[in-house]
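Chain residues, written in single-letter form:
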Amino acid sequence: MHQTNFIVREPLLDPKQRVIGYELCWQQHDGKTVGDADLEGLVGFVAAHLVDEQLGWLMRDKVLFLDAVPAMLSLDALHALPPERTVLSVRTRDLANADTRAAVQGLRAGGVGISIRGANLDLLGRNLSSLASYAEVRFAGLDVATQARTYAAAKQSALRLVGRPVSTWQDFDACAALGLDAIVGKLHLTPRPGSPVKGMNPAQTIILQLMTMVQANEDVPKIEAVLKRDPALIYKLLRFINSAGFGAGREVQSLRQAISMLGYAPLYRWLVLLLATASASGYSPVLMETAVVRARLCELLGQKFLPKSDGEYLFVAGMFSLLDRLLGLPMQEVLDTVQLPEPVVCALLARDGVYGPYLALAEACELNSNLVGSMAASLDLSPLEVNKAHLSALAWAQNVAV
């Protein structure tokens with residue numbers, strides 16, 4: 001299945017807007033139904049690319065939710081995934097079968113999470129601790145708050161509720177206040193409403209100055225002098241270069257050593273990441289993580305045909321594609337403030353030019369768009385190549401300190 005179809009993802013948020021995990025599934029298109037063998041294939045593919053022999057689980061504290069059917073509950077690939085980071089979503093009607101219940105109880109005893117899909121109020125009122133750790137509840141109509149209140153009142157204390165779909169931050173707040181544990185919707189592409197931004201703050205001003213200096217290949221001592229004006233930036237730079245995502249291999253303790261080791265192109269990448277976190281207005285953790293994953297995915301997708309030097313520009317295009325929402329500024333104002341190469345600007349404004357199609361494909365993987373296949377084909381990228389890049393970008397984003 002990984003050679004013919006595409007993985008798409010959806011984040012699960014906790015009440016504090018943090019990403020606690022992702023739901024991964026195969027994209028469904030052309031009316032085709034995902035079969036049992038396809039679901040088994042997804043588990044195996046995820047295990048092969050998110051579990052490293054030496055490093056272990058590459059997603060750190062993130063939990064993965066995967067659709068499950070009775071036939072795959074004894075799948076060998078499940079043993080490769082960390083049980084405490086794995087949640088299998090099973091349908092309520094499947095639990096009517098005694099053999100399925102026994103298999104589910106065995107997985108629960110081994111620490112694997114189970115989420116019940118289609119849970120009704122009657123089911124939520126029972127003691128399900130031996131069968132499930134999560135129950136998914138679906139919201140319909142406009143009164144999400146009332147529905148959330150009903151579900152919260154009915155749930156057992158040991159059972160965590162996953163609410164979906166939640167499409168506005170107002171509804172998110174209602175669900176969070178009423179005790180839902182995880183919330184799914186399109187909020188990862190929507191900035192949290194906040195106070196309007198009135199120009200750049202001091203930290204952003206310094207970062208923009210540094211970006212200009214790096215683009216102009218200024219001497220390291222001059223860059224170092226500007227960095228020293230903000231001790232927090234020095235701390236963040238050292239934390240970044242010593243993080244697993246950068247992979248320096250040895251601890252770096254001096255500012256000049258950090259700049260020299262990074263080089264100008266990676267330093268610019270770090271500044272782009274930092275600029276996105278320098279404002280609290282319009283900022284949300286899920287939006288930040290989405291931007292980082294998107295940026296890395298753009299870069300990886302371009303490796304097959306574009307020169308290595310284009311990788312940094314693809315990363316910048318992916319990161320800047322959400323920077324307007326992260327900073328709470330109109331995109332044109334962001335572009336007026338930062339000088340970017342014309343191909344990057346073209347990608348950001350029209351998804352056109354040499355980088356635009358890669359950015360559009362990365363975005364489509366977040367939206368379960370039916371255009372994923374055609375976009376990949378236009379770039380001569382196979383489903384396998386896209387899927388491997390997608391999971392690699394997810395893992396990379398968990399190991400970058402900003």
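To start, this report covers the structure provided alongside it. (Residues numbered from 1 in each chain as written. Predicted model: local features only at pLDDT ≥ 70, side-chain atom pairs only at ≥ 80, totals over all residues. Heavy atoms only, no water.)

**Regarding the overall build of the protein chain**
Now for step 1: Scanning the protein chain from terminus to terminus reveals 18 helices and 10 strands.
Now for step 2: Seen along its three principal axes, the alpha-carbon backbone of the protein chain occupies a region of about 70 × 45 × 40 Å.
Now for step 3: When contacts within the protein chain are restricted to residue pairs at least 6 apart in sequence, long-range pairs at least 24 apart make up 65% of them.
Now for step 4: When the accessible surface of the protein chain is split by element, carbon and sulfur atoms take 52% of a total near 17,300 Å². (Helix = DSSP H or I, 4+ residues; strand = E, 2+ residues; numbered from the N terminus. Contact = heavy atoms within 4.5 Å. Areas by Shrake-Rupley, 256 points an atom, 1.4 Å probe, with all protein chains shown as cover.)

**A word on the pattern of salt bridges**
A side chain of one charge can pair with a side chain of the opposite charge if their charged atoms are brought near each other.
Now for step 1: For the structure shown, the criterion picks out 22 salt bridges.
Now for step 2: Among the ionic pairs, Arg9 bridges to Glu366, the shortest N-O distance being 3.6 Å. Pair noted here: Arg9 is in strand β1 (residues 7-13) and Glu366 is in helix α16 (residues 356-367), with a separation of 357 residues, a long-range link.
Now for step 3: With relative accessibility at 6%, the residue Arg9 sits in the buried group.
Now for step 4: By relative accessible area, which is 2% here, Glu366 ends up buried. (Salt bridge = Lys/Arg side-chain N within 4 Å of Asp/Glu carboxyl O. Buried < 20%, exposed > 50% of the residue type's maximum accessible area, 1.4 Å probe, protein only.)

**Here's the deal with helix α7 (residues 220-227)**
Now for step 1: Taken as a whole, α7 has its buried residues at Val220, Ile223, Glu224, Val226 and Leu227. The buried residues of α7 occupy one face: seen down the axis, they fall within an arc of 160 degrees. (Arc of directions from axis to C-beta.)

**Looking at helix α15 (residues 342-350)**
Now for step 1: Among the residues of α15, Val344, Val345, Ala347 and Leu348 are the ones counted as buried. Taken down its axis, α15 places every buried residue within 160 degrees of arc, on the same side. What points out from α15, more than 90 degrees from its buried face, is the exposed set Glu342 and Ala350.
Now for step 2: At its buried positions, α15 is contacted by α12 (310-320), α14 (331-337) and α16.
Now for step 3: Phi for Arg351, located one or two positions after α15, is positive at around 55 degrees.

**Description of the nonpolar core**
Now for step 1: The biggest cluster of nonpolar side chains holds 141 residues, and the ones touching the most others in it are Met211, Leu227, Phe320 and Leu340.
Now for step 2: With 11 residues, the single largest contributor to this core is helix α11 (residues 285-301).
Now for step 3: Non-local contacts of Phe320, meaning those with residues more than four positions away in its chain, are made with Met211, Val272, Met331, Val334, Val338, Leu340 and Leu348.
Now for step 4: Membership of the second largest hydrophobic core comes to 8 residues, among which are Leu12, Val87, Tyr134 and Val162. (Core = buried A, V, L, I, M, F, W, Y, C linked by side-chain atoms within 4.5 Å.)

**Digging into the state of the cysteines**
Now for step 1: For the coordinates displayed, the defined rule picks out 0 disulfides.
Now for step 2: Here Cys25 is not cross-linked by a disulfide; its sulfur's nearest cysteine counterpart is in Cys365, at 11 Å.
Now for step 3: No disulfide involves Cys298; its nearest neighbouring cysteine sulfur is the one of Cys365, lying 9.6 Å away. (Disulfide = S-S within 2.5 Å.)

**A look at unusual backbone geometry**
Now for step 1: Omega for the peptide link from Arg164 to Pro165 comes to -10 degrees, which places this bond in the cis form.
Now for step 2: You can see Pro165 is positioned in the loop between β9 (160-164) and α5 (169-177).
Now for step 3: Although it is not a glycine, Gln17 adopts a positive phi angle of roughly 75 degrees.
Now for step 4: Assignment of secondary structure puts Gln17 in the loop between β1 and β2 (19-26).
Now for step 5: Given the relative accessible area of 14%, Gln17 is considered buried.
Now for step 6: Even without glycine at this site, Asp380 takes up a positive phi of about 60 degrees.

**Details of the side chain of Lys62**
Now for step 1: Looking at where Lys62 falls in the secondary structure, it is placed in the loop between β4 (56-57) and β5 (63-67).
Now for step 2: Among the polar contacts listed, one links the side chain of Lys62 to the side chain of Glu289, at a separation of 3.4 Å.
Now for step 3: Here the side chain of Lys62 touches Gln398 through a polar contact of 2.9 Å, side chain to side chain.
Now for step 4: Setting aside its immediate chain neighbours within four residues, Lys62 contacts Val19, Ile20, Gly21, Trp57, Arg85, Glu289 and Gln398. (Polar contact = N/O pair within 3.5 Å; in protein donor to acceptor, adjacent residues only side chain to side chain.)

**What to know about the packing of helix α1 (residues 36-50) against helix α18 (residues 383-398)**
Now for step 1: At a minimum axis separation of 10 Å, α1 and α18 run at an interaxial angle of 55 degrees. Judged on the interaxial angle alone, α18 and α1 are oblique. When the axes of α1 and α18 are compared, the crossing they make is right-handed. Across the interface between the two elements, Phe45, Val46, His49 and Leu50 from α1 touch Leu384, Asn387, Lys388, Leu391 and Ala395 from α18.
Now for step 2: Within the contact of α1 with α18, the residues separate by chemical class into 6 nonpolar, 2 polar and 1 charged. (Axes fitted to C-alpha atoms, helices over the stretch in contact; angles between N-to-C directions. Parallel < 35°, antiparallel > 145°, perpendicular 65-115°, else oblique. Left-handed = near helix turned anticlockwise from the far one by under 90°. Nonpolar A, V, L, I, M, F, W, Y, C, P; charged D, E, K, R; others polar.)

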